[in-house]
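Structural overview for review
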Amino acid sequence: MDARAQADAILDAVDKSGRLYRDSIPMIASENIISPLVAKAVNSDLHGRYAEGLPGKRYYQGCDDFDTIENIGIESAKRVFNCQFANIQSISGTVSNMAALKALAKPGDTITAVSTADGGHISHARMGAVGVRGLNVVTYPWDEERMEPDIDAACEIIRQTKPEIALFGQSVFLFPTPLQEIADAAHEVGAKVMYDGAHVLGLIAGGQFQDPLREGADVMTGSSHKTFPGSQGGFMLSNSDDEKFQRKLNNSIFPGTCSSYHLHHVAGKAVALAEFEAFGVDYARDIIANAKALGTALAEEGFDVIAEDRGYTASHQILTRHGGIDSGAGLRAAATLEDAGIITNMNMLPGDTKAMTGPSGLRLGVPELTRVGMGTDEMKDVARFFARALIAAEDPASVKKDVADFKSNYQTVKYCFEEGPAYPNLD
Ligand code: DSN
């Protein structure tokens, strides 16, 4: 392939990927789409510009306008998350975690966290950011019935281990962490409490989940592009008014873990924060209503939905079981659903041990479906497509055609100042 053909092949695949999501039912819980105004900021000259430092204290000239953007964004983040400190520079949730781990612990220290098998994020594990920082990790015992850390056992582990950081939050996140109960134990032994809200940040900001910074978290990190529907990146937030602590947090981002951060994405985040101030409460409330409705609808169709006793979920996610432990049934279900035009990911459920071949479940998220205007009635339609593909074992191609027809009615991004195409610039 010559060089030009290579570029064309890439752009063709970019288009094809856009059409895939436009015509399908995208249900990856960590994903979302951006509003037209956020897209305008992201697709601007700010791409590739430099602004190391903080507003007013830069290592480069030409930053006055960007200072305006970042200052507005910081103040908006403080209002949205009701806190005294916000850094909006981090380029991802994982980078925010690396920075917080750097600020709060030193190599050789021990932290406590949720294990990846129970839904903890890879950056909370030795194989991820925790290992990069040279930290040891002890995981909390997990309450499989309630799908949350076992409160008494977690307090016991913290009292025995005396970690520098007690870290909470997951990528599989159905219910609020019982943070208030556990944070006291952490503070008793001098640990800092860190809450990774990557998945649930929009639900927290919308006042619909839990409020970690008032339940004992000293630092909250998270992504800016999941339930918080902004451009890709991260946040670091704290309610501490201690200037020395705030300086430490800022330094952990720059120069700690970023040199140039992505100015166009910061501008996108700042626009998304403004939109969240106007529409965030409604968006967060509608996401959770849809997730609960989807859990109910899938159970009515005959699926095994996890945590029935707790109403399936209090977040944007639900989990379904498709076979026995380590059966790989989730892997097969995800592949069949993709053929039927429904994009999901396989997920390990309690007991599963093989992340690549064994998962018996699916993790399903509704932030994107909510953002294109689907409500609780449409969750019944979605559940019916699942049943046609996985229970009736209908030809996936025929389900896919009906999925595309259905999805053609949901092509506008909502909860923003200027509604527009959810999947823009496609042939
Ligand atoms: N791995 C992502 C998720 O899908 O949860 C978070 O980084």
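Higher on the page you've got the structure.
Now for a description of the structure that goes with this document. All of these numbers come straight from a predicted model, not from anything done at the bench.

Digging into the site of the ligand
The environment of the ligand is formed by Ser30, His121, Ser171, His199, Lys226 and Arg363. Within the side chain of His199, a nitrogen or oxygen atom sits 2.7 Å from an oxygen atom of the ligand. When the free accessible area of the ligand is taken as 240 Å², the share hidden by the protein chains comes to 64%. The residue inventory of the shell around the ligand, partitioned by class, reads no nonpolar, four polar and two charged.

Examining the side chain of Ser360
Along the chain, Ser360 turns up in the loop between strand E16 (345–347) and strand E17 (361–365). Looking at Ser360, its side chain comes within polar contact range of the side chain of Arg321, at 3.2 Å. Here the side chain of Ser360 touches Asp352 through a polar contact of 2.8 Å, side chain to side chain. Those residues in contact with Ser360 that sit more than four places away from it in its chain are Thr320, Arg321, His322, Gly323, Gly324, Ser327, Ala329, Gly330, Asn347, Leu349 and Asp352.

What about helix H13 (residues 376–391)?
Compared with an ideal rise of 1.5 Å per residue, which puts 16 residues at 22 Å, H13 spans 22 Å between its outermost C-alpha atoms and is within 8% of the ideal. Two residues or fewer past H13, Ala393 is found with a positive phi of approximately 50°.

Here we look at a negative patch on the surface
On the surface, Glu144, Glu145, Asp304, Glu308 and Asp309 cluster together into a patch of negative charge. By the secondary structure assignment, Glu145 is in the loop between strand E7 (142–143) and strand E8 (148–149).

Section: the packing of aromatic side chains
Enumeration according to the criterion identifies 15 aromatic pairs in this entry. These aromatic residues form a ring-pair network of at least three members: Phe81, Phe228, Phe235 and Phe276. The ring of Phe245 carries the charged tip of Lys192 above its face, separated from the ring centre by 5.1 Å. Looking at Arg371, its charged tip hangs above the ring of Tyr283, at a distance of 5.6 Å from the centre.

A word on the packing of helix H6 (residues 151–161) against helix H7 (residues 179–188)
Close contact between H6 and H7 brings their axes to 9 Å; oriented N to C, the two are set at 10°. When the axes of H6 and H7 are compared, the pair comes out roughly parallel. Contacts between H6 and H7 involve Ile151, Ala154, Cys155, Ile158 and Arg159 from the first element and Glu181, Ile182, Ala185, Ala186 and Glu188 from the second. Across the contact of H6 with H7, the residue classes tally to seven nonpolar, no polar and three charged.

Side note on the pairing of strand E11 (residues 219–225)
Of all seven residues making up E11, seven are buried, and the element is well covered by its neighbours. By the bridge criterion, three bridges tie strand E10 (residues 192–196) to E11 in an arrangement that is parallel. From the neighbouring strand, Tyr195 faces E11, where its bridge partner is Met220. Bridge analysis of E11 against strand E12 (residues 229–238) gives five bridges, and the strand direction is antiparallel. Across the sheet, Ser223 pairs through a bridge with Gly234, a residue of E12. Two successive antiparallel strands, E11 and E12, enclose a turn made up of three residues.

Points about the sheet that holds strand E13 (residues 304–305)
Reading across the sheet, the four strands line up as E13-E14-E17-E16 and stay open at both edges, with antiparallel pairing between neighbours. Only two strands of the sheet have a single neighbouring strand rather than two, namely E13 and E16. Where strand E14 (residues 317–321) and E17 come together, five bridges link them in antiparallel fashion. If you follow Gln317 over to E17, its bridge partner there is Gly365. Each of E13, E14 and E17 touches helix H10 (residues 263–301); the most contacted strand, E14, lies at about 20° to it.

Some words on helix H9 (residues 243–253)
All of the buried residues along H9 are Phe245, Gln246, Leu249, Asn250, Ser252 and Ile253. All buried residues of H9 lie within an arc of 160° about the axis, which places them on one face of the element. Facing away from the buried side of H9 by over 90 degrees, the exposed positions are Glu243 and Lys244. Where H9 is buried, its residues meet strand E2 (53–54), strand E4 (85–87), helix H4 (93–104), E10, E11 and E12. For H9, the N-terminal capping position is held by Asp242, with its side-chain oxygen 2.9 Å away from the main-chain nitrogen of Lys244.

Cut-offs applied
- Each chain carries its own residue numbering, running from 1 in the direction its sequence is written.
- Whole-chain, interface and lining totals are the exception, using all residues; otherwise, since this is a predicted model, local features are given only for residues with pLDDT of at least 70 and side-chain atom pairs are given and counted only at 80 or more.
- Excluded from the side-chain calculation are hydrogens and water; included are all heavy atoms of the structure.
- Being near a molecule or strand, for a residue, comes down to having at least one heavy atom within 4 Å of it.
- Side-chain atoms alone can form a polar contact between residues adjacent in sequence; in general such a contact is a pair of N or O atoms within 3.5 Å, and within protein one must be able to donate a hydrogen while the other accepts it.
- Note on areas: Shrake-Rupley, 1.4 Å probe, and residue coverage restricted to the protein chains presented here.
- Under the scheme applied, nonpolar residues are Ala, Val, Leu, Ile, Met, Phe, Trp, Tyr, Cys and Pro; charged residues are Asp, Glu, Lys and Arg; polar residues are all the others, including Gly.
- By definition, any uninterrupted DSSP run of H or I lasting at least four residues is a helix, any uninterrupted run of E lasting at least two residues is a strand, and each is numbered from the N terminus.
- By the convention used here, residues are in contact when the closest approach between their heavy atoms is within 4.5 Å.
- The length a helix should cover is 1.5 Å for every residue beyond the first.
- Exposure above 30% relative accessible area and the absence of a salt bridge qualify a residue for a patch, where like charges join within 9 Å and nonpolar side chains (Val, Leu, Ile, Met, Phe, Trp, Tyr) within 5 Å.
- Whenever Lys or Arg places a side-chain nitrogen within 4 Å of a carboxyl oxygen from Asp or Glu, that contact is recorded as a salt bridge.
- Asp and Glu count as negative and Lys and Arg as positive, but His and the ends of the chain are not part of the count.
- A charge is said to be at NZ when it belongs to Lys, at CZ for Arg, at CG for Asp and at CD for Glu.
- To pair, rings of Phe, Tyr and Trp, with the six-membered ring standing in for Trp, must have centres within 6.5 Å; the planes then decide the type, stacked if under 30 degrees apart, edge-to-face if over 60, and tilted in the middle.
- Geometrically, a lysine NZ or arginine CZ counts as sitting over a ring once it is within 6 Å of the ring centre and also within 35 degrees of the ring normal.
- Angles run from 0 to 180 degrees between N-to-C directions of axes, and those axes are lines fitted to C-alpha atoms, restricted for helices to the stretch in contact.
- Working definition: roughly parallel below 35 degrees, roughly antiparallel above 145 degrees, roughly perpendicular at 65 to 115 degrees, and oblique for all remaining angles.
- Burial classes: relative accessible area under 20% of the type maximum marks a residue as buried, over 50% as exposed, and values in between as partly exposed (1.4 Å probe, protein chains only).
- Whether two strands pair comes down to DSSP finding at least two bridges between them.
- Each C-beta atom gives one direction from the helix axis, and the arc is the one those directions make.

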